[in-house]
Amino acid sequence: MTRNISEENTQEIRDSSDRVLIFDTTLRDGEQSPGASMSLEEKLQIAETLDAMSVDVIEAGFPIASNGDFEAVQEVSKLVKKATVCGLSRAGAKDIDRAAEALKPAENMRIHTFISTSPVHMKHKLQMEPEAVLEAVAFSVDHARGYTDDVEWSAEDATRTDRDFLCQCVEVAIKAGATTINIPDTVGYTLPQEYIEIITMLKDRVPNIDQVVLSTHCHNDLGLAVANSLAGIQAGVRQVECTINGLGERAGNAALEEIVMALNVRSDLMPQWTQIETTHLARASKLVSNVTAFPVQYNKAIVGKNAFAHESGIHQDGMLKNNQTYEIMLPETVGINKSSLVMGKHSGRHAFREKITALGYSLSDNQIQDAFQRFKDLADRKKHVFDDDIVALIDDEVAHSNDRIKVMSLQVVAGTKGPQKAELELEIDGEIQRAESTGDGPVDATFNAIKELIPAKARLHLYQVHAVTQGTDAQAEVSVRLEEDGKTVTGRGIDTDTLVASAKAYVSALNKLSVKRLRQAPDDIAALQI
Ligand code: KIV
Ligand code: ZN
């Protein structure tokens, strides 16, 4: 197909001045979305995935914000092999010191310091005069440079900042030693043409601006985050800050997969390129969606379920004749394997191992053994096992391998003649415990039975069911979000029985809450008081 030929050609003629760095902030700005909080293990899983797809910078958190954020930045710093690991800080010394401390184990570290520069933010949020903001810019960048040569400075709310003042701030930041200058559209307010003008103005007016990397950080309040980021690239920006699935504050950030594929597919018009391995995009999207329980909309560009589906007869006919009629990129390029009918109960261990390698997993022998057993159980109950089934099953296996509480059995009485009733067996720290309960419907009865065994003050914020594949024998994928003392956790459960999946999801969330407790109060582990 022409697009792939053009891709190969551009590989040869790629100019290093056109290289665009991908700065992923799924773990920082993404996690700031209400309800999108992630456990440490989940953050590490995402960081590993981002590193494997060759993102240039991973913003792992905001270390001063909480001990959890500090630990996440520290652990990501230990784990990540290729990417630069970045920690966010405000302009004060304490913030910067804390970020530097968390980033110490990183092979390559970056401190990202920011302050608001728009009139509305300076007056109402910071309550600082512009002169004081300028001093803070100089101080923060200089202080961060005491720890590393890689310092990014951001003008929060840059697109609503007075242009002369923005130029002054950027000049001061460069003088103080910033190596990357980020121009965020914090409230998703700008339009592509205006953003081009801002970047062009900075390039024309600020001394030594050619010595630093210019960066975009666009929010999606008007649905323009990707368009504005691409406009920024056209104006000369060479770093894009973005998130998987466009996760982020309010309407989110620019979606990584959309920016990367726009550059990839339209290399005829935009010579700028990234080093992202695009075949990892679908998998990363699924992982972030699973962890946060934020579903990916069906018609989402690049990674939505329907992104490569063709329903109308005319389209299907065109596709049969030549797939370029209705597809501008190959699904395989973004990691979607369309021929996904895979295996059944006669498939052997060897084929299973090959399949999970092809799906992008590298598991230990024990994990493969457990996953294979679960695959066999599933194949006994379900006629066709699809790639999506296997992905769901392995993600579930990896997520729950260290759980202290496990669902062992569940019997539910449901239907029109109430009361609905649940009989449940849990294994709690190796000991089997049983409970029975009624409720307003089978899910309520199941959750009540769990609460009998594990009294919780946690409140249920989300209960969500998805079918992993099509058909009435599809596996159900249930997400449960619980909140306790201002902390939220999201648990997931998979099973062909929706009620069993629901019980597993609730128990998974309780496991995560108990881990959070242990991290907060390591000496207080005796009681499994969830
Ligand atoms: O949106 C924003 O301005 C930010 C900064 C901290 C970069 O997230
Ligand atoms: Zn942001």
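If you look the chain up in an unreviewed UniProt entry, it shows as 2-isopropylmalate synthase from Candidatus Micropelagius thuwalensis. UniProt lists a comment for the chain under the heading Sequence similarities (unreviewed entry), and it reads "Belongs to the alpha-IPM synthase/homocitrate synthase family. LeuA type 1 subfamily." Recorded in UniProt under Function (unreviewed entry), the annotation for the chain is "Catalyzes the condensation of the acetyl group of acetyl-CoA with 3-methyl-2-oxobutanoate (2-ketoisovalerate) to form 3-carboxy-3-hydroxy-4-methylpentanoate (2-isopropylmalate)."

**What to know about the pairing of strand β4 (residues 109-116)**
Burial within β4 is extensive, with eight of its eight residues counted as buried. Here strand β3 (residues 84-89) pairs with β4 via five bridges, running parallel. Bridge pairing in β4 links V85 to M109. For the crossover that starts at β3, traverses helix α4 (residues 93-103) and ends in the parallel β4, the hand is right-handed. Inspection of the sheet shows β4 paired to strand β5 (residues 151-156) by six bridges, in the parallel sense. Each residue of the ladder has a partner; that of H112, found in β5, is E152.

**Remarks on the nonpolar core**
Ranked by internal contacts, the top residues of the largest apolar core, which has 88 residues, are V55, W153, V170, I181, I183, L202 and L256. With eight residues, the top contributor of residues to this core is helix α7 (residues 163-176). Those residues in contact with I183 that sit more than four places away from it in its chain are A158, V170, Y195, I198, I199, L202, S215, T216 and H217. Counting 30 residues, the second-largest nonpolar core is a separate cluster that includes A422, V480, A501 and A503.

**Let's talk about a nonpolar patch on the surface**
Taken together, the side chains of L460, Y463 and V465 define a hydrophobic patch exposed on the protein surface, amounting to about 240 Å² of accessible area. On the secondary structure map, L460 appears in strand β14 (residues 459-467). Residue classification places L460 among the partly exposed residues on the basis of a relative accessible area of 42%.

**Looking at the coordination of the zinc ion (ligand 2)**
The reference angle at a metal is 109.5 degrees if four donors form a tetrahedron and 90 or 180 degrees if six donors form an octahedron. For the zinc ion (ligand 2), the protein coordination sphere consists of D29 (OD), H217 (NE2) and H219 (NE2), at 2.0 to 2.2 Å. When the donor residues of the zinc ion (ligand 2) are listed from N- to C-terminus, their spacing reads D-x187-H-x1-H. There is no split in this pair, since H217 and H219 are both buried.

**Description of helix α10 (residues 256-265)**
Given 3.6 residues to a turn, an α-helix orients residues that are three or four positions apart in the same direction. Within α10, eight of the 10 residues are buried, leaving the element largely enclosed by the surrounding structure. What α10 keeps buried is the set L256, E257, I259, V260, M261, L263, N264 and V265.

About the cut-offs
Per chain, the residues get numbers from 1 upward, laid out in the order the sequence is written. The lettering of chains begins at A and the numbering of ligands begins at 1, in the order of writing. Totals for whole chains, interfaces and linings use all residues, but because this is a predicted model, local features are given only for residues with pLDDT of at least 70 and pairs of side-chain atoms are given and counted only at 80 or more. Side-chain measures were taken over the full set of non-hydrogen atoms in the model, leaving aside hydrogen atoms and water. UniProt positions are given in the numbering used here, feature names are shortened, and annotations may be inferred rather than shown by experiment. The rule is simple: take the accessible area with a 1.4 Å probe, protein chains only, and divide by the maximum for that residue type; under 20% is buried, over 50% is exposed, in between is partly exposed. Secondary structure counts use DSSP, requiring at least four H or I residues in a row for a helix and at least two E residues in a row for a strand, with both numbered from the N terminus. Paired strands are those between which DSSP finds at least two bridges. Handedness of a crossover is defined as follows: with both strands directed away from the viewer, a clockwise route from the first strand across the helix to the second makes it right-handed. Note on terminology: a nonpolar core comprises buried Ala, Val, Leu, Ile, Met, Phe, Trp, Tyr and Cys residues joined through side-chain atoms within 4.5 Å. Whether two residues touch is decided by their heavy atoms; if any such pair falls within 4.5 Å, the residues are in contact. Each patch is assembled from residues with relative accessible area greater than 30% and no salt bridge, linking like charges that lie within 9 Å and nonpolar side chains (Val, Leu, Ile, Met, Phe, Trp, Tyr) that lie within 5 Å. All accessible areas in this document rest on Shrake-Rupley with a 1.4 Å probe, and a residue is counted as covered only by the protein chains that are shown. Throughout this description, the term salt bridge denotes a Lys or Arg side-chain nitrogen within 4 Å of a carboxyl oxygen of Asp or Glu. Metal coordination here is assigned from N, O and S atoms located within 2.8 Å of the ion, or within 3.2 Å for Na, K and Ca; omission of water means that sites may look incomplete.

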